[in-house]
Amino acid sequence: MEEMLRLVCPGLENGGVFPKEYTGYGEDRSPEFRLENLPPETEALAVTLEDLSHPVKGFTHWVAWNLPAGDRIPGNLLPGRKLPSGARQGAAYGLFRYAGPKPPRCGGPHRYRFTVYALDTLLPDLPLWAGKRAFLKGAAGHILRKGILTAQFP
C-alpha cells in the first residue's frame, strides 16, 4: 500500500474548515467524495470519520463499509445498519449513521479526519454492532489503498 487514494470533497479542502452543512450544527449530512488513483482490483470502499481533538483518542463519528467500488462515494447517505446498496454502517457517535462534527461551542476548534479505504473484498462477517476497531480488524490484509482528508470545525 504505497500510493494513496486522492480524495476530492466538494466544499471541503484538506486542511480547511468543515462547511456547516456537514456538521451537527447544520444539516449533518455526509459529504460526497470523488476518488482518484483507485486500484482496479477494488471490490468495496469504506470510510471513517474521527475527532482528533476529542479527549478520547481516535473518537469515531462514523464508520461505513461495503460501499460499492467506484470513483465516488455519494453524499447524504441514509441512516441505518444496512443501506440499499448493501453497504453497512457501524456503531460510532453516529449510531448506524453519519454524525458530523459537533464540538462544544466553548471548547475551541476540533480537528477531524476522514479516511477512505479501497478494499479487495467485501466484509460480510462483521458483527452488527461493529465499530471502527472491528472494521479495521476485519479489513486487515484487505486494504489496497487509503486516502485521508483532515479539516477542522468551527
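Quick note: structure is the one above.
Residues numbered from 1 in each chain as written. Predicted model: local features only at pLDDT ≥ 70, side-chain atom pairs only at ≥ 80, totals over all residues. Heavy atoms only, no water.

**Student:** Sorry if this is basic, but what is going on with the environment of Ala91 here?
**Tutor:** With respect to the helices and strands, the residue Ala91 is situated in the loop between β6 (88-89) and β7 (110-119). Separated by 39 residues in sequence, Ala91 and Ala130 place their C-alpha atoms 5.8 Å apart. (Helix = DSSP H or I, 4+ residues; strand = E, 2+ residues; numbered from the N terminus.)

**Student:** Just checking my understanding: could you explain the sheet that holds strand β1 (residues 6-8) for this structure?
**Tutor:** Pairing is antiparallel in the open sheet, where 3 strands are placed in the order β1-β2-β5. A strand with exactly one partner marks an edge of an open sheet, and here the two such strands are β1 and β5 (72-73). (Pairing = 2+ DSSP bridges.)

**Student:** I would appreciate a short explanation of the sheet that holds β7 in the present structure.
**Tutor:** Strands sit in the order β6-β4-β3-β7-β8 across an open sheet of 5 strands; the sheet is antiparallel. Looking along the sheet, the strands with just one partner apiece sit at the ends: β6 and β8 (143-153). When strand β3 (residues 44-51) meets β7, the two strands line up antiparallel, connected through 8 bridges. In the sheet register, Ala44 faces β7, and the bridge partner there is Leu119.

**Student:** For this particular structure, what's the right way to read the nonpolar core?
**Tutor:** Nonpolar side chains in soluble globular proteins tend to end up buried together. Core analysis: the biggest nonpolar cluster contains 26 residues, and Leu12, Phe18, Phe33, Val47, Trp62, Leu67 and Phe114 have the highest contact counts within it. For this core, the secondary structure elements donating two or more residues are β2 (33-36), β3, β4 (59-68), β7 and β8. In terms of residue count, β7 provides more of this core than any other element does, 4 residues in total. By size, the runner-up hydrophobic cluster in this structure holds 10 residues, among which are Tyr117, Leu126, Phe135 and Ala139. (Core = buried A, V, L, I, M, F, W, Y, C linked by side-chain atoms within 4.5 Å. Buried < 20%, exposed > 50% of the residue type's maximum accessible area, 1.4 Å probe, protein only.)

**Student:** Honestly, unusual backbone geometry in this entry has me stumped. Any pointers?
**Tutor:** Geometrically, the link from Phe153 to Pro154 is a cis peptide bond, its omega value of -10° lying close to zero. Residue position: Pro154 is located in the segment after β8. With a phi angle near 60°, Asn76 is a residue other than glycine that sits in the positive phi range. Mapping Asn76 onto the fold places it in the loop between β5 and β6. Residue Asn76 is classed as partly exposed on the basis of its relative accessible area of 48%.

**Student:** Is there a simple way to explain the packing of aromatic side chains in this structure?
**Tutor:** Where two aromatic rings form a pair, the distance of their centres and the angle of their planes describe that pair. Tallied over the full model, the rule gives 9 aromatic pairs. Their ring planes at 25° and their centres at 6.1 Å tell us that Tyr25 and Phe153 sit as a pair that is stacked. Of this pair, Tyr25 sits in the loop between β1 and β2 while Phe153 sits in strand β8; the two residues are 128 residues apart in sequence, bridging distant segments of the chain. In textbook terms, an aromatic cluster arises when at least three aromatic residues are bridged by ring pairs, as seen for Phe18, Phe33, Tyr112 and Phe114. (Phe/Tyr/Trp six-rings, centres within 6.5 Å; stacked < 30°, edge-to-face > 60°.)

In short, geometric facts, not functional conclusions.
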